[in-house]
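A structural walkthrough
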Amino acid sequence: MTMAVPARPRPFLVRLADGRVWAAAEFGPGGFVCVHHPDELNVCTIAISLDGLLADRKPGDLLHGASVEEYG
């Protein structure tokens with residue numbers, strides 16, 4: 001059995017509508033993403049893609065109105 005080699009993560013920032021900035025990473029081009037919630041111990045949001053992360057967020061959701069910025 002051959003195991004897939006994970007892609008190198010690409011770090012990025014998520015800027016929330018209230019100005020806070022969260023650290024995140026995308027695993028492979030078009031791969032799943034993980035966003036760390038620094039205000040909550042051991043909490044992350046996982047999405048199947050960057051588009052999926054920001055899609056259809058309703059008012060009141062912390063990611064509603066968020067934008068993605070390149071890290072570095």
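No experiment lies behind these values; they were computed from the predicted model shown. (Residues numbered from 1 in each chain as written. Predicted model: local features only at pLDDT ≥ 70, side-chain atom pairs only at ≥ 80, totals over all residues. Heavy atoms only, no water.)

1. Focus: the side chain of Ser 49
To keep it simple, the criterion reads: Labels follow the DSSP assignment, with helices taken as runs of H or I lasting at least four residues and strands as runs of E lasting at least two, numbered in each case from the N terminus. Any pair of nitrogen or oxygen atoms within 3.5 Å is treated as a polar contact; in protein, a donor-acceptor pairing is required on top of that, and neighbouring residues in sequence qualify only through side-chain atoms on both sides. Residue contacts follow a heavy-atom distance rule, with two residues in contact if any of their heavy atoms lie within 4.5 Å.
Relative to the assigned elements, Ser 49 resides in the loop between β4 (44-47) and α1 (50-54). Within the local environment of Ser 49, its side chain forms a polar contact with the backbone nitrogen of Gly 52, the two atoms lying 2.9 Å apart. Ignoring anything within four residues of it in the chain, the contact list for Ser 49 reads Gly 30, Gly 31, Phe 32 and Val 33.

2. Structural notes on the environment of Ala 23
Looking at the secondary structure, you find Ala 23 in strand β2 (residues 21-27). Each C-alpha atom of the pair Ala 23 and Arg 57 lies 19 Å from the other, and the pair is 34 residues apart in sequence.

Note that all results are geometric; they support no functional claim without further evidence.
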